[in-house]
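Here are the chains, one letter per residue:
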Amino acid sequence: RSKHEEIELVSLEEFYKEAPPEISRPAITLNEPHQQTLARLDWELEQRKRLAEKYKECLTSKEKILKEIEVKKEYLSSLQPRLNSIMQ
């Protein structure tokens, strides 16, 4: 048994519908199960790389937003003493 058998791949219908022709190569892969498996693994790798990149972008965006929130919290916490001094 191979390690790739533990990976749950997308269904064949979904693979041929979503994968670009340069990866799915239907003329070759429809009749050769080994080539079909290799193509599906290539497509899985492409998807995982794309999702990993999107994840990194989201983390970067999250960090940026958290820093903005912290700056706004500091501003709001400094606002109360200034308002008190104005009121006096």
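Procedures and definitions
The written sequence of each chain sets the order in which its residues are numbered from 1. Reporting of local features is limited, given that this is a predicted model, to residues whose pLDDT is at least 70; pairs of side-chain atoms are given and counted only at 80 or more, and all residues count toward the totals for whole chains, interfaces and linings. In computing side-chain properties, one takes all heavy atoms of the structure into account and sets aside hydrogens as well as water. UniProt positions are given in the numbering used here, feature names are shortened, and annotations may be inferred rather than shown by experiment. Numbering of helices and strands starts at the N terminus; helices are DSSP runs of H or I of at least 4 residues and strands are runs of E of at least 2. For every residue, the accessible area (1.4 Å probe, protein chains only) is compared with the maximum for its type, and the residue is labelled buried under 20%, exposed over 50%, or partly exposed between those bounds. In what follows, a contact means two residues having at least one pair of non-hydrogen atoms within 4.5 Å. Where accessible areas are quoted, they stem from the Shrake-Rupley method and a 1.4 Å probe; at the residue level, only the protein chains shown are allowed to cover. In summary, the charge assignment counts Lys and Arg as positive and Asp and Glu as negative, without counting His or the chain termini. Charged groups are reduced to one reference atom each: NZ for lysine, CZ for arginine, CG for aspartic acid, CD for glutamic acid. We call Phe, Tyr and Trp rings a pair once their centres come within 6.5 Å, taking the six-membered ring for Trp, and we label the pair stacked below 30 degrees between planes, edge-to-face above 60, and tilted otherwise. In a helix, the anticipated span is given by 1.5 Å times the number of residues less one.

- The protein chain goes by THOC5 protein in an unreviewed UniProt entry, where it is assigned to Grantiella picta.
- UniProt, in the comment section headed Subcellular location (unreviewed entry), describes the protein chain in these words: "Nucleus".
- Note on the protein chain: under the UniProt heading Sequence similarities (unreviewed entry), the record states "Belongs to the THOC5 family."

1. Looking at the overall build of the protein chain
At step 1: Helices and strands together make up the secondary structure of the protein chain, namely 4 helices and 0 strands.
At step 2: Reading the protein chain from its N terminus to its C terminus gives the helix and strand order α-α-α-α.
At step 3: Over its C-alpha atoms, taken along the principal directions, the protein chain stretches across nearly 85 × 30 × 15 Å.
At step 4: Residues classed as buried in the protein chain amount to 15% of the 88 residues present.
At step 5: Look at the contacts in the protein chain between residues 6 or more apart in sequence, and 51% of them connect residues 24 or more apart.
At step 6: Surface exposure of the protein chain reaches about 7600 Å², of which carbon and sulfur atoms provide 57%.
At step 7: Taking the average location of the 16 positive side-chain charges in the protein chain and that of its 17 negative ones, the two points are 7 Å from each other.

2. Comments concerning the packing of aromatic side chains
At step 1: Within the structure shown, the criterion is met by 1 aromatic pair.
At step 2: Pairing Phe15 with Tyr16 gives two aromatic rings, centres 5.0 Å apart and planes at 65 degrees, and the pair type is edge-to-face.

3. Observations regarding helix H4 (residues 33-87)
At step 1: Over its 55 residues, H4 runs 79 Å from end to end, which matches the ideal 81 Å to within 8%, given 1.5 Å per residue.
At step 2: When we look at burial in H4, the residues that qualify are Gln36, Ala39, Arg40, Trp43, Glu44 and Gln47.

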